[in-house]
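Here are the chains, one letter per residue:
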Amino acid sequence: MDNILVANHVSKSFGKHAALNDVSLEVPKGTIFGLLGPNGAGKTTFIRIINQITMPDSGTVLLDGNPLKPDDIRHIGYLPEERGLYKTMKVGEQVLYLAQLKGLTKTEAKKRLKYWFDRLDIGDWWDKKIQELSKGMAQKIQFVVTVLHEPKLLIFDEPFSGFDPINASLIKDEILKLRDDGATIIFSTHRMESVEEMCDHIALIHKGNKVLDGKLIDIKRQYRNNLYEVGLTVQNKEAVSMEMKEKFELLPATFKSINDELQYKIKVPDGTSPNDLVTYLTQKGQLTHFVEVIPSANDIFIETVRNN
Amino acid sequence: MTFLSPLIFVGIFTLVAYLSDLNSEEVKTISVLDESGLFTNDFQDTDNLKYNIVKGEPLSEAKLKAETDENYGLLYIPRTATMEDLANSITFYSEDSPSLTTMGDIENVVEDKVNTIRLKEAGIDAETIKSLRINVNTNLETYKGMETSKLGSGLKLGFGAAAGYLLFMFIIIYGNMIMRSVIEEKTSRIIEVIISSVKPMKLLLGKIFGTTLAGITQFAVWIILILTLLAIVPVVLGVDTSAMEAQQEAMAQTASGAGAQDIFQQVMMEVDNLPLANLIIMFVLFFIGGYLLYASLYASIGAAVDSETDTQQFMLPILMPLMLSVYVGFFTVIDNPHGIVSQIFSFIPFTSPVVMLMRIPFGVPIWQQILSVVILFATFMGTVWFAAKIYRVGILMYGKKATYKEIFKWLKY
């Protein structure tokens with residue numbers, strides 16, 4: 001697959017502190033790429049390197065197969081986590097100014113700005129000063145600033161912070177639409193449900209090292225551990241429980257059900273197929289619930305970070 | 001502010017002129033009790049001093065009377081055996097300590113009289129001495145044959161001091177402006193958005209040059225407005241500035257010994273004698289160089305701190321050389337423009353803009369000027385490099401208390 005961004009053995013340290021340690025990453029074109037990691041893992045440093053704000057000590061970053069060059073900022077849109085706007089400047093002027101910094105002409109910027117302001121329903125803010133707007137409103141402006149020059153690579157660092165649920169979902173839809181229109185999105189967040197919902201690929205950075213990366217679905221497959229959640233209606237609960245405990249590793253489970261049943265998470269040994277388990281269970285009683293437990297992004301995150 | 005500041009300036013100037021007018025109109029009455037009988041009509045009333053000669057009263061009564069009449073003071077001249085004794089036994093009684101100028105006036109009168117009497121006692125006629133006395137007016141000329149004069153020296157001093165002081169003010173006002181603008185971008189957190197579009201070095205230089213141009217525009221507006229207002233206000237308000245003019249004329253007269261009508265011509269001639277082209281070119285170069293040097297330092301301070309309140313600890317190293325240059329300029333250069341101290345400070349880049357600008361009107365060899373400018377601009381390159389390093393790291397450091405040690409570390413990132 002075509003990669004829009006490739007990082008080769010990127011390292012960066014600040015004094016004695018190694019912020020990034022030999023990180024290599026590939027971001028496929030047209031995907032939403034989740035860049036995850038605990039606080040202080042080095043995500044922001046990595047993002048700043050992509051934006052050429054910080055230079056790596058060693059390693060290279062390729063955009064569309066070519067090493068990053070100053071002009072590439074036109075093709076990158078960056079919404080930093082620490083963001084803000086000039087408080088006393090008017091919304092319209094300010095966005096035009098920032099768009100021109102990205103290389104748009106004034107007329108072009110105006111045209112696109114009109115489109116976005118109509119789209120996000122903020123047209124009447126043109127003459128307002130940022131300090132008159134609420135935080136959520138300012139965030140919307142910030143989003144427009146990030147996407148206005150139609151970059152092919154978008155980097156969002158915690159894009160939903162400060163938004164109410166309605167606006168958050170509005171922005172989410174916009175991000176998905178941008179991807180469908182061909183942009184690639186690097187998405188850094190601590191909100192695992194957004195990762196689950198939106199990301200095609202993820203990479204996990206911990207203490208400056210990349211500890212995990214790949215397609216989210218592949219990673220989930222890799223992290224599946226033959227765990228099934230089952231509900232079983234039986235005559236003699238205790239006897240069946242005892243028997244199962246000897247045979248499998250059992251974990252307690254609770255899920256909503258209208259039956260009075262045994263509820264367990266069952267971990268089966270490698271090589272046991274779900275069918276084998278179902279066959280065994282149906283012999284014992286009425287099978288009312290059978291689901292493979294798929295590790296959530298949250299579980300994977302916590303497990304990986306703990307193990308490192 | 002651009003248009004208000006000149007108004008305020010002119011307003012204050014007018015107020016001062018008005019107040020000093022008021023002050024000089026006050027007439028002070030001084031009682032004189034002369035027991036020696038030597039001072040018959042030596043105490044002549046002046047514009048603001050009125051003498052009230054008291055005769056035949058004892059000191060205590062005269063004192064009481066002077067106090068109840070609310071006289072400014074009582075001058076008591078006792079009868080003594082010799083003039084030497086007299087010189088040391090004259091007493092001035094007053095409510096508060098008298099003003100120095102008043103005392104000076106009185107002492108002059110007494111001294112003149114005593115000296116005349118002593119000359120007479122020694123058999124020398126005071127009138128003869130007066131007629132023999134001659135006013136020395138040294139003609140100043142450089143080796144190259146250029147005539148100079150004291151008026152010229154005054155002008156040079158004026159030019160130099162004005163140029164130096166202007167630069168000093170400019171650095172403080174607009175340096176601070178740059179610093180605040182950096183802090184603003186940092187606290188509003190827009191910096192990271194901007195920095196992903198523009199290289200920090202570009203942003204830093206743009207900020208410095210932009211503020212410089214804005215500053216020069218503002219300064220030009222100020223100067224034009226102030227000059228215009230100063231010309232108009234006295235006419236409109238009818239404030240009498242003639243007192244000041246008279247003073248200036250008197251100064252000019254003593255300097256040149258010529259009549260008032262020639263003064264304008266003389267001034268123009270002296271201005272002609274100044275190395276004007278040199279002065280203007282060097283003013284521009286030192287102004288730009290000096291300002292850029294300090295501006296880059298101000299910018300790096302802005303980048304290092306989180307808010308304006310944190311700037312204090314870093315301001316001292318900037319203000320010190322700046323103050324030093326003004327002190328050196330106003331004391332050492334005025335005293336001896338080409339002395340060794342003046343020379344040294346006119347090469348040190350942090351003081352050279354002010355000091356050299358003050359020296360140039362007195363004639364500084366071209367090689368010295370060029371060397372100083374080269375050092376200045378080379379140092380500017382250095383400080384910009386230094387500032388860019390601090391700036392690049394500092395603008396992305398939030399909430400970290402910057403110390404000198406910390407900043408030193410940033411230089412190595």
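On a predicted model such as this, the values are computed, not experimentally measured, just so you know.

1. Section: the interface of chain A and chain B
Point 1. The interface is formed by 18 residues belonging to chain A together with 13 residues belonging to chain B.
Point 2. Taken together, the residues of the side of chain A that touches chain B break down into eleven nonpolar, three polar and four charged.

2. Points about the sheet that holds strand β13 (residues 262–267) of chain A
Residues and elements named next belong to chain A.
Point 1. Pairing is antiparallel across the open sheet formed by four strands, whose spatial order is β12-β13-β11-β14. Two strands lie at the open edges of the sheet, namely β12 (249–252) and β14 (286–292), each paired on one side alone. The sheet shows a mean angle of 30 degrees between the axes of neighbouring strands, direction not considered.
Point 2. The pairing of β12 with β13 spans four bridges and is antiparallel. Bridge pairing in β13 places E249 opposite K267.

3. Digging into the nonpolar core
Point 1. Core analysis: the largest hydrophobic core is formed by 122 residues, its most contacted members being V95, I155 and I185 of chain A together with Y298, A299 and L357 of chain B.
Point 2. No other element matches helix α11 (residues 276–304) of chain B, which puts 14 residues into this core.
Point 3. I30, A62, A66 and Y72 of chain B belong to the second largest nonpolar core, which has twelve residues in total.

4. Some details on the domain arrangement of chain A
Point 1. Taken domain by domain, chain A holds domain 1 (3–221) and domain 2 (225–292).
Point 2. When each unit is reduced to the centre of its C-alpha atoms, the spacing between domain 1 of chain A and domain 2 of chain A is 45 Å.

5. What to know about the environment of P70 of chain A
Point 1. Among the secondary structure elements, P70 of chain A is positioned in the loop between β5 (66–67) and β6 (76–79).
Point 2. Spatially, the C-alpha atoms of P70 of chain A and E81 of chain A are 22 Å apart, while their sequence positions differ by eleven residues.
Point 3. Sequence-distant contacts of P70 of chain A, that is, excluding residues within four places in its chain, are made with Q52 of chain A together with K199 of chain B.

6. Here's the deal with the pairing of strand β2 (residues 17–28) of chain A
Residues in a regular strand point their side chains to alternate faces of the sheet.
Residue and element names in this part refer to chain A.
Point 1. For strand β1 (residues 3–14) and β2, the ladder comprises eight bridges, and the chain directions are antiparallel. The residue of β2 that forms the bridge with N3 is P28.
Point 2. In this antiparallel pair of consecutive strands, β1 and β2, the connection spans two residues, and G15 shows a positive phi of 65 degrees.

7. Let's talk about the sheet that holds strand β9 (residues 201–206) of chain A
Residue and element names in this part refer to chain A.
Point 1. The strand order β6-β7-β8-β3-β9-β10 describes an open sheet built from six strands, whose pairing is mixed. Each edge of the sheet is formed by a strand with only one pairing partner; in this case those strands are β6 and β10 (209–215). Neighbour-to-neighbour, the strand axes of this sheet turn through a mean angle of 15 degrees, independent of strand direction.
Point 2. By the bridge criterion, six bridges tie β9 to β10 in an arrangement that is antiparallel. Among the inter-strand pairings, I202 is bridged to a residue of β10, identified as G214.

8. Re the pairing of strand β1 (residues 28–34) of chain B
Residue and element names in this part refer to chain B.
Point 1. For β1 and strand β2 (residues 49–54), the ladder comprises six bridges, and the chain directions are parallel. Its bridge partner lying in β2, L33 is registered against V54.
Point 2. Relative to strand β3 (residues 73–77), β1 runs parallel, the two being bridged by five bridges. Its bridge partner lying in β3, S31 is registered against L74.

9. Observations concerning the packing of helix α2 (residues 91–101) of chain A against helix α4 (residues 135–147) of chain A
Two packed helices can be described by the angle between their axes and the distance between those axes.
Residue and element names in this part refer to chain A.
Point 1. Running from N to C, α2 and α4 point in directions that differ by 30 degrees, and their axes come no closer than 9 Å. Considering the angle they form, α2 stands roughly parallel to α4. When the axes of α2 and α4 are compared, the crossing they make is right-handed. Every residue of α4 that contacts α2 at V91, V95 and L98 is listed here: I141, V144 and V145.
Point 2. For the contact of α2 with α4, a count of residues per class yields six nonpolar, no polar and no charged.

10. Some thoughts on the packing of α11 of chain B against helix α15 (residues 366–394) of chain B
Residue and element names in this part refer to chain B.
Point 1. α15 packs onto α11 with a crossing angle of 20 degrees between their chain directions and a minimal axis gap of 8 Å. Viewed along their axes, α11 and α15 adopt a mutual orientation that is roughly parallel. Judged by the twist between their axes, the crossing of α11 over α15 is left-handed.
Point 2. Here the residues of the contact of α11 with α15 sort into 18 nonpolar, eight polar and no charged.

Criteria and thresholds
Residues numbered from 1 in each chain as written. Chains lettered and ligands numbered in written order. Predicted model: local features only at pLDDT ≥ 70, side-chain atom pairs only at ≥ 80, totals over all residues. Contact = placed C-beta atoms within 7 Å. Nonpolar A, V, L, I, M, F, W, Y, C, P; charged D, E, K, R; others polar. Pairing = 2+ DSSP bridges. Helix = DSSP H or I, 4+ residues; strand = E, 2+ residues; numbered from the N terminus. Axes fitted to C-alpha atoms, helices over the stretch in contact; angles between N-to-C directions. Core = buried A, V, L, I, M, F, W, Y, C linked by C-beta atoms within 7 Å. Buried ≥ 20, exposed ≤ 12 C-beta atoms within 10 Å, placed from the backbone. Domains from an automatic or database assignment. Parallel < 35°, antiparallel > 145°, perpendicular 65-115°, else oblique. Left-handed = near helix turned anticlockwise from the far one by under 90°.

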